[in-house]
Amino acid sequence: AGVKLYYYNSLKFETTSTGIQISDAGAVKKIVSYFDGDYTSGFKFSDLNGGIWYDAGAYDLYLNANHANSQIILQSGGSTTLTLDASNNATFAGNIATAADKRISVGTWDNSAFTGGNAYGFSVTSSLPLLHLTESDETNKKGYVGLTGGSMYVGGLISNLYLQSGASGTTALTIDSSQNATFAG
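Note that the structure is a prediction, hence the values are computed from the model and not measured. As a convention, each chain's residues are numbered from 1 in the sequence order in which they are written. With pLDDT at 70 or above as the cut-off, local features in this predicted model cover only qualifying residues; side-chain atom pairs require 80 or more to be listed or tallied, and sums for whole chains, interfaces and linings still use all residues. Side-chain numbers come from the whole structure's heavy atoms, not from hydrogens or water.

**Student:** Got a minute to help me understand unusual backbone geometry in this structure?
**Tutor:** With glycine set apart, most residues show a phi of negative sign, and most peptide bonds adopt trans. Phi is positive for Tyr 8, which is not a glycine, with a value near 50°. Only protein chains enter the accessibility calculation, which uses a 1.4 Å probe; a residue is then buried when its area is under 20% of its type maximum, exposed when over 50%, and partly exposed in between. Under the relative-accessibility criterion, Tyr 8 is labelled exposed at 73%. At Gln 179, a residue that is not glycine, the phi angle is positive and equals roughly 70°. Strands here are runs of E lasting at least two residues and helices are runs of H or I lasting at least four, both read from the DSSP assignment and numbered beginning at the N terminus. Inspection of the secondary structure assignment puts Gln 179 in the loop between strand E17 (170–176) and strand E18 (181–183). The class for Gln 179 is exposed, based on a relative accessible area of 71%.

So, in structure tokens, the structure goes:
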């Protein structure tokens, strides 16, 4: 038998065989304690499609939005900073930054052929890895660096392609939009 607390004949709080339930007249206004096995505990909210729980066996914290159209939205200072949608897309409202000597990686990254060890920066591993760049004020100016079939491609809808070297970034080769090449040396 559980304990039920009412406020003006409306059920507000009750103990159940799995924990506590806080409710109101509507099914979407409740919090239910959640236990699964020996290690997992937390809370499920509203229609039980979302919740937060901790798996002490795996040391994992779960934030769960389990409805087909659910999103997990993190806010800071009253504004949305990160949205995780039901299609596993992440949208950041601001910049993404890393500490020094870290990398942002898509897939796994082995750069030992170039550095003999770990490398830091941006990495894309796929059957057709590509870095695509678009100037925010020049939407018709786009550039890319890509790799396919063992060949590397650099190009885009650009005015000039510059290959630079040296500490001061001296241009060694210029290729213009007419595909004329000018070597500095």
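Back to the write-up after that little detour.
**Student:** In this structure, what is going on with a nonpolar patch on the surface? I would like to understand it.
**Tutor:** Patch rule: a residue counts if its relative accessible area is over 30% and it has no salt bridge; like charges are joined within 9 Å, and nonpolar side chains (Val, Leu, Ile, Met, Phe, Trp, Tyr) within 5 Å. Shrake-Rupley sampling with a 1.4 Å probe provides the accessible areas, and residues are treated as covered by the protein chains on show and by no other component. We count a salt bridge whenever a side-chain nitrogen from Lys or Arg sits within 4 Å of a carboxyl oxygen from Asp or Glu. Taken together, Phe 92, Ile 96, Ile 104, Val 106, Phe 122, Leu 131, Leu 133, Val 145, Leu 147, Met 152 and Val 154 make up a surface patch of nonpolar side chains, about 970 Å² in accessible area. For the nonpolar patch, the elements supplying multiple residues, two or more each, are strand E11 (104–106), strand E13 (130–135), strand E14 (138–148) and strand E15 (151–157). Its place among the elements puts Ile 104 in strand E11. Relative accessible area serves as the criterion here: at 36%, Ile 104 is assigned to the partly exposed category.

**Student:** What's the story with the sheet that holds E18 in this structure? I'm lost.
**Tutor:** Across a sheet, paired strands are connected by hydrogen bonds in the backbone, their directions being either parallel or antiparallel. Overall, antiparallel pairing links the 3 strands, which are arranged E16-E17-E18 in an open sheet. Each of the sheet's edge strands pairs with one partner strand only, and the pair in question is strand E16 (160–165) and E18. Across this sheet, the average inter-strand angle for adjacent strands is 15°, counted without regard to direction. When DSSP finds at least two bridges between two strands, those strands are taken to pair. Strand direction decides the pairing type here: E17 and E18, joined by 3 bridges, are antiparallel. Its bridge partner being in E18, Leu 173 is matched across the sheet by Phe 183. Interaxial angle, 0 to 180 degrees, is taken between N-to-C directions of lines fitted to C-alpha atoms, where a helix line uses only the stretch in contact.

**Student:** What is the right way to look at the packing of aromatic side chains in this model?
**Tutor:** The geometry of an aromatic ring pair comes down to the distance between the two centres and the angle between the two planes. Each Phe, Tyr or Trp ring, with Trp reduced to its six-membered ring, pairs with another whose centre is within 6.5 Å; inter-plane angles below 30 degrees give stacked pairs, above 60 give edge-to-face pairs, and intermediate values give tilted ones. The final tally for this structure, using the stated rule, is 2 aromatic pairs. Consider the rings of Tyr 7 and Tyr 8, whose centres lie 4.7 Å apart with planes at 85°: the pair is edge-to-face. For the pair Tyr 7 and Tyr 8, a shared accessibility class is recorded, and that class is exposed. On the numbers, 6.1 Å between centres and 25° between planes, the contact of Trp 53 with Tyr 62 is stacked. The exposure class of Trp 53 is buried, given its relative accessible area of 10%.

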